[in-house]
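Residue strings, one per chain:
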Amino acid sequence: QVQLVESGGGLVQPGGSLRLSCAASSVIIRLNTMGWYRQAPGKERELVARITRGDSTNYADSVKGRFTISRDNGKNTVFLQMNSLEPEDTAVYYCNAENVFGATFWGQGTQVTVSS
C-alpha cells in the first residue's frame, strides 16, 4: 500500500504559477511511475504529467512547455511546477503512483483554481 498526500493547490490569477507536491509513504525509486492527473467539473480524469523510475517524462499536449514534473528521491516527493496557468487548468489535481506489480494508488486531490 502506498499513501500519497498532495499539497500546494490554491487560487491563482491567469498567467500565475503554482507548485504541487506529492509526498509518498513508499520509497519512490521502487515505484514504476508517478504522475499527476486532473479532473475538471463534468469532465473525465486526464493525465497531466508522468515520470518513470528511469526519469522519462511525458505530458499532456495542453500543458507542454508550461508544466514540469520532477522528483526528489531523498524526500520521496514528486512535484508539478505549473507556469502560465490558464482558466482551463482549473481542476482537482490528483497524484498517482504505480508499483512494480501494476497496482495503482491515488492521493486525495488538491484543488487548483485559475481565475481573475
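Preceding this paragraph is the structure being described.
In what follows, the accompanying structure is described.

Reading the values: the criteria
Residues numbered from 1 in each chain as written. Predicted model: local features only at pLDDT ≥ 70, side-chain atom pairs only at ≥ 80, totals over all residues. Heavy atoms only, no water. Disulfide = S-S within 2.5 Å. Helix = DSSP H or I, 4+ residues; strand = E, 2+ residues; numbered from the N terminus. Buried < 20%, exposed > 50% of the residue type's maximum accessible area, 1.4 Å probe, protein only. Contact = heavy atoms within 4.5 Å. Pairing = 2+ DSSP bridges.

### What about the state of the cysteines?
No. 1: Going through the model one piece at a time under the given rule, you end up with one disulfide.
No. 2: Between the sulfur of cysteine 22 and that of cysteine 95 lies a disulfide, 2.0 Å long from S to S. Its S-S torsion of approximately -80° makes the covalent link between cysteine 22 and cysteine 95 left-handed. With cysteine 22 in strand 3 (residues 18-24) and cysteine 95 in strand 9 (residues 91-98), this pair connects stretches of sequence that are 73 residues apart.
No. 3: Under the relative-accessibility criterion, cysteine 22 is labelled buried at 0%.

### Examining the side chain of threonine 33
No. 1: Inspection of the secondary structure assignment puts threonine 33 in strand 4 (residues 33-39).
No. 2: The exposure class assigned to threonine 33 is buried, which follows from its relative accessible area of 14%.
No. 3: Discounting residues that sit within four places of it in the chain, threonine 33 has contacts with Arg50, Ile51, Thr52, Asn96, Ala97 and Glu98.

### Digging into the pairing of strand 4
Remark: a regular strand shows side chains that alternate across the two faces of the sheet.
No. 1: The element strand 4 is largely enclosed, with a buried count of six among its seven residues.
No. 2: Here strand 4 pairs with strand 5 (residues 46-52) via six bridges, running antiparallel. Looking across to strand 5, one finds that tyrosine 37 is bridged to leucine 47.
No. 3: Here strand 4 hands over to strand 5 after six residues, with glycine 42 in that stretch at a positive phi of 80°.
No. 4: With seven bridges joining them, strand 4 and strand 9 adopt antiparallel strand pairing. When the bridges of strand 9 are listed, arginine 38 appears paired with tyrosine 93.

In short, the description is geometric, and any link to function would need to be established separately.
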